[in-house]
Amino acid sequence: MNISLTPELEKYILQKSSNGLYHSASEVVRQALRVFIESENQQTPRIQQLNREIETGLSELSRGDRISGEAVFSEIRKMSQARKKKSSL
């Protein structure tokens, strides 16, 4: 398999393989692919959950179950404040 890389990516891979952490450029690419696959595997369930939540919201909307924009933004502000408070602890 032949792969074309940008000069920047090629330079990065060569740096990683020459600094002793990896024995070859192939090893660097294999590790990068493993990390990429792991990341995708973690994202897929979250995307599926978000899609389910969107479908639920659209169903509620079509039934006429709505809340005002003001109420939505109020809830978002509360959630944001709670996150800020939690992160400052």
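Going by the structure above, here's the rest.
One structure accompanies this document, and this report is about it. Note that the structure is predicted; figures quoted are calculated from it, not measured.

**Focus on the side chain of S17**
No. 1: Tracing the backbone shows S17 in helix α1 (residues 7-18).
No. 2: For S17, the side chain forms a polar contact with the main-chain oxygen of L14, separated by 3.1 Å.
No. 3: The contacts of S17, once residues within four sequence positions are left out, are Y22, S24, A25 and V28.

**Let's talk about the pattern of salt bridges**
No. 1: Summed over all chains, the structure comprises one salt bridge.
No. 2: Across the pair D65 and R63 runs a salt bridge, and its minimum N-O distance is 3.1 Å.
No. 3: A residue is classified by how much of its surface remains accessible, and R63, at 57% relative accessible area, is exposed.

**Describing the packing of α1 against helix α2 (residues 25-62)**
No. 1: For the pair α1 and α2, interaxial distance at closest approach is 8 Å and the crossing angle is 110°. Considered as vectors, α1 and α2 are oriented roughly perpendicular to each other. Within the contact between the two elements, α1 uses I13, K16 and S17 and α2 uses A25, V28 and V29.
No. 2: When its residues are assigned to classes, the contact of α1 with α2 shows four nonpolar, one polar and one charged.

Cut-offs used in this document
- Residues numbered from 1 in each chain as written.
- Predicted model: local features only at pLDDT ≥ 70, side-chain atom pairs only at ≥ 80, totals over all residues.
- Heavy atoms only, no water.
- Helix = DSSP H or I, 4+ residues; strand = E, 2+ residues; numbered from the N terminus.
- Polar contact = N/O pair within 3.5 Å; in protein donor to acceptor, adjacent residues only side chain to side chain.
- Contact = heavy atoms within 4.5 Å.
- Salt bridge = Lys/Arg side-chain N within 4 Å of Asp/Glu carboxyl O.
- Buried < 20%, exposed > 50% of the residue type's maximum accessible area, 1.4 Å probe, protein only.
- Axes fitted to C-alpha atoms, helices over the stretch in contact; angles between N-to-C directions.
- Parallel < 35°, antiparallel > 145°, perpendicular 65-115°, else oblique.
- Nonpolar A, V, L, I, M, F, W, Y, C, P; charged D, E, K, R; others polar.

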